[in-house]
Structures are given as structure tokens and as C-alpha cells.
Number of protein chains: 2
Amino acid sequence: MQGFTIAFVPTMGYLHEGHISLMEKGRQLADVLIASIFVNPAQFGPGEDYDAYPRNPQKDSALAQKAGVDVLFMPEKNQLYPEKYETYITQSNLPRFLCGLSRPTHFTGVMTIVAKLFNIVKPHYAVFGQKDYQQLAIIRKMTHDLNFDIKIVGAPIVREPDGLAMSSRNKYLSPEQRRSALALSRALAQAQQSVATGEIRASALIETAQKTITSVRETAIDYVVIGDPETLEEVSVIDRPVLMALAVKVGQTRLIDNCILSPPVDKTS
Amino acid sequence: MQGFTIAFVPTMGYLHEGHISLMEKGRQLADVLIASIFVNPAQFGPGEDYDAYPRNPQKDSALAQKAGVDVLFMPEKNQLYPEKYETYITQSNLPRFLCGLSRPTHFTGVMTIVAKLFNIVKPHYAVFGQKDYQQLAIIRKMTHDLNFDIKIVGAPIVREPDGLAMSSRNKYLSPEQRRSALALSRALAQAQQSVATGEIRASALIETAQKTITSVRETAIDYVVIGDPETLEEVSVIDRPVLMALAVKVGQTRLIDNCILSPPVDKTS
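Chains are numbered independently. Their residues run from 1 in the order of the written sequence. Chains and ligands are labelled by the order in which they are written, letters from A for the one and numbers from 1 for the other. For a predicted model such as this one, the threshold for reporting local features is a pLDDT of at least 70, and the threshold for listing and counting side-chain atom pairs is 80 or more; totals across whole chains, interfaces and linings nevertheless cover every residue.

**Some thoughts on the relation of the copies chain A and chain B**
A residue counts toward the fit only if its pLDDT is at least 70 in both copies, and the copies are then superposed by least squares on the C-alpha atoms of those residues. Take chain A, turn it by 180°, move it 0.0 Å along the axis, and it overlays chain B with an RMSD of 0.0 Å. Look at the turn and shift together and you get a two-fold axis relating the two. Measuring from the rotation axis to each C-alpha of chain A, the shortest distance belongs to Ile89(A), at 2.3 Å. Here the contact rule is simple: place C-beta atoms from the backbone, and any two residues whose C-beta atoms are within 7 Å are in contact. A symmetric contact is evident, with 100% of the interface residues of chain A recurring at the interface of chain B.

Written as C-alpha cells, this is what we have:
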């Protein structure tokens, strides 16, 4: 397809409105829209939910077609990881933070599959959701470091009407856990509100968020962090737009969410 | 340059006839020939000869032009490894053998720079010398594993008239060391001769080679190995074409060489 531009949306399937928004974004960016569905074994650690991860290829195909996908790539596991597969992509810094702490091999698996798919699809644009904020930051950095000639585009988190960030893993939640899971988005909204009204201490914002989350049933905090939006390093004062990111187990389901905290514009200057 | 094919020859410069043969090979393969010269810091370990590695960009430019190179890419170190660079490519198996034993980070550096250059140059063909046999095997595997749409082409070792494999590091040798260095190619030729006349025991071939090398002055063996040409795993019987590979320090200069040992065709079957 020489002369055409290609936008690419890699996914693990079980598509929801979050994925569809990525596809709509891709549709606007380029002549040809390619999506992939592949539950990538390399990014699941031992004891994680690779086998249980929800799959629905038929429904996904229909949804992708409706979203304007021209080519849907659904490879088999042994096509991408044949016997004696042994090449992986690593980063020394960004994976040390946030989800990398409890999932030490996760981002190596993510980078490896994304690089493979980039080489297969050869896109001009690739679209990733901001819900997996660290993943987006790591893929941006990998793309830059390894000189991939691909523009990485981030797309906003899509939420349920009550605020829960869309995720294929929400399917695991019982009705009660579903209610508890709202504590994540509520904690973020509270922090945004506090920053808007003058709170600039990360420690105070984090403490409030922790209370909000632990006050509901079946929650266990993995992390509540406020960090630099590029390096992910922790910050103590909200003196510029910064990332607030959470990972919380609700029952056995690990959920993540994040937002940007922006201090109010100083009207005196 | 749409519609044109590109062949690529990555080098560390200080070009000799070995490099020129790679360029001539590339010239035959494609419409456009691109070469690069970059002494890659990531593939030198602590205490190795990164700073001392010979450089002669002006002479190299003239030689490359004469060899038919259309584009010579000579990036600066901080263009390819800017501050905060952190992404690397690793392999879990092939780098465990041969040179990887004494140079544990070397092939991660090699794979990383080659992947970066592949993404910058976007070649259809890339040509590498068989003198760096393990490097060639690792790059072939990386290219396959990471789904680079690039054909990797190996080119035979080019030798001085007396048998010494061409290498930019030969420049380091004193006249006496230059004579000792001939033991490498002599040991390989003796092994080929022995196999042709019926010796099939790897242990016997290795022992003879070790004696040949240690019988000359200023040599210290790093390894003498007979292994599978693809997996590099040691073999004990020469029942098919196998790799014989050597690394030897001559004075302070580490030299490598290799050949294929092929058992005589069985005329009784």
C-alpha cells in the first residue's frame, strides 16, 4: 500500500468503548486503520490471569469492523512466540516505577510485543490509551530510543457513566466489588478538586486517596503515587501538571486508574 | 525512495578489505547501498578498547565511495545514545556462548545498535561478515524474533595472503605478535584437514588447536569451541557441518576467527 498512511491500534481484545475510542482516533489519523488482538503471554507474570483473561474474537471482529478497522490482525501465540523464541526488549529506568514494582517482567513483555507488531504492521501512527499511562510512557520512550519512525498517539481514558475506567478486567468484578471499584476514580476526582482549591502537598493528597480507597470493602492498595508525567519519579509538591496513578486490588482483580493534577493558574502574576 | 530496494552495511569503520567485500555484496543486492560507521559504545565492556578503537573517517569515506556506497551514515555518539537513553535488546540463549562468556554485555550492545540502525535506514537487506560468526547468528535470530522485514546476508571471511583474518584490531599487533596471530588461522586449517582425513572427535581437534596456539609466543586462549552452527551449543562428534570458533589474546589484542568443519562425503552410501 505505497503512498498510504497506516494507523495501528494494538489490543488484547475483549473490546470495550475505550478500545473503540482508540480506533476512532486511528481512523482520523491515517488512510488505513489496522488493529490487532493478541493476548500477549510475555506480559503476564507467573500467577497472573493469562489463561483467564477474557476473550471474545467474534464479537471483537464485529466491533472492530463497525469502528472502521480495515485490517484486524489476530495472530496465534505460536506465530509470534515460536519455539526457541529468545529476544526481548528491556528498559533500565521507567519500568522501575508504579506497576513495574509488582509486575517486574510485565513491561519487557509489553515492549517486546509492541516492537514485533510495529515491525509486522509498519504503521505511521500507533494509538495507545492513557489508562495504561506507564505503558504509554514506556512505549513512547522505546519508540524514541530505538528510532522507530512511528508517531505514538495517546488517547484519553474512557469511563463508565459512574466514573469507573473502562477495562476488560471489570468483567471479573462481583456487583459489590463493582461498587468498591468506584473508589479509584473517586479518589482521583477528590485529588483534582483538592489541587484546584490550593492543596499542593503530594503527601496530603496521597493520604486522602488512601483513606478513600481503604474505606470501601475488598480493596487492597498496590500503589497511590504522584509523579513526574514523563520520568514517573515521585514529586512532593504539585507545582506543575503531574501524574496521579493508582493500582488497587478489588477482590482478586487488579485495577489501575490515573489522572493529571494541574495546579490552578496563578492569577496574580 | 519508494520502489527502490536498499542494502545496508553497518560497520565500526577503519575499513579494510573485509568491509569492502560486504559493501560489494550489498551493491549486488539492491538499488541503493547505505553503509554506516559508528563505534558503538554500548558493545564495549568496562576496560575494553572503546577509546582506543582505531578511527579514520576521511580514509573510510573515500574507500566507501570507491566501493559504491550511495549514502554513508556517520552519526555522533549522542545522536544515537542521548542523555537518559535506556532501551536495550537482550537474548536469553545465544549470547551465553563463545564471546558472550568473556563479554557479557557485548551482544546486548550489538543488537541494540543494529535494531536502531535498521529502524533509521529501513533496509531490505543487511550484510554482516561471517568473521563475527556469533554476531551474525544473534542478528539473524533477533531479526527473526522481532519480525524485522529484512533479509540478513552473511559474507565470507576475508584473509590476508598469509591467512590472518582481516580485522581493524590487527593494527594493534607488533610484528612479532602479527606472526603469532597466524596460529589462529593455522589451527583452523589443521582442523579442517584432520576432519577431511577422518578425525570426527571434537575433543581431539580442540586439543590439537590449543597446542598449535599456545606453542607460539604471547598467546592466551579465551576459547576454542566446536559447536552447532545455529544454536552454538557444543558438539562432540563431527557428523555434519559444524562451527569451529576461536578467541585468542595475542599480547593485549583479542582476535577471533572461525571456520566450518565438514565431514567428508560418505562414498559408501
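**Here we look at the domain arrangement of chain A**
Residue and element names in this part refer to chain A. In this document the domain limits rely on a domain assignment from an automatic tool or a database. In terms of domains, chain A is made up of domain 1 (6-155) and domain 2 (168-261). Its C-alpha centre places domain 1 at a distance of 24 Å from the equivalent point of domain 2. To qualify as a helix, a DSSP run of H or I must reach at least 4 residues; to qualify as a strand, a run of E must reach at least 2; elements of each kind are numbered from the N terminus. Contributions of two or more residues to the side of domain 1 that touches domain 2 are made by helix H4 (99-102) and helix H6 (133-145). Following the grouping adopted for this structure description, the nonpolar residues are Ala, Val, Leu, Ile, Met, Phe, Trp, Tyr, Cys and Pro, the charged ones are Asp, Glu, Lys and Arg, and the polar ones are all others, Gly among them. Of the residues belonging to the side of domain 1 that touches domain 2, the class tally is ten nonpolar, three polar and one charged.

**A few points about the sheet that holds strand S8 (residues 242-250) of chain B**
All names here are of chain B. Only when DSSP finds a minimum of two bridges between them are two strands counted as paired. Strand order in this open sheet of three strands is S7-S8-S9, and the pairing throughout is antiparallel. In this open sheet, the two edge strands, each paired with only one partner strand, are strand S7 (219-227) and strand S9 (253-261). Strand-to-strand twist in this sheet, taken as the mean axis angle between neighbours without regard to direction, amounts to 15°. With eight bridges joining them, S7 and S8 adopt antiparallel strand pairing. Looking across to S8, one finds that Ile 226 is bridged to Met 244. Sheet strands in contact with helix H9 (residues 202-214) are S7 and S8, and its direction is about 160° off that of S7. Here, axes are lines fitted to C-alpha atoms. For helices the fit covers the stretch in contact, and angles between N-to-C directions go from 0 to 180 degrees.

**Comments concerning the nonpolar core**
Soluble globular proteins: nonpolar side chains tend toward being buried together. Throughout this description, the term nonpolar core refers to a group of buried Ala, Val, Leu, Ile, Met, Phe, Trp, Tyr and Cys residues whose C-beta atoms join them within 7 Å. Put simply, a residue is buried when 20 or more other C-beta atoms lie within 10 Å of its own C-beta and exposed when 12 or fewer do; between those, it is partly exposed, and each C-beta is set from the backbone. Ranked by internal contacts, the top residues of the largest apolar core, which has 142 residues, are Leu184(A), Leu246(A), Leu184(B) and Leu246(B). Ignoring sequence-local partners within four residues, the contact set of Leu246(B) consists of Leu184(B), Ala187(B), Leu188(B), Tyr223(B), Val224(B), Ile256(B), Asp257(B) and Asn258(B).

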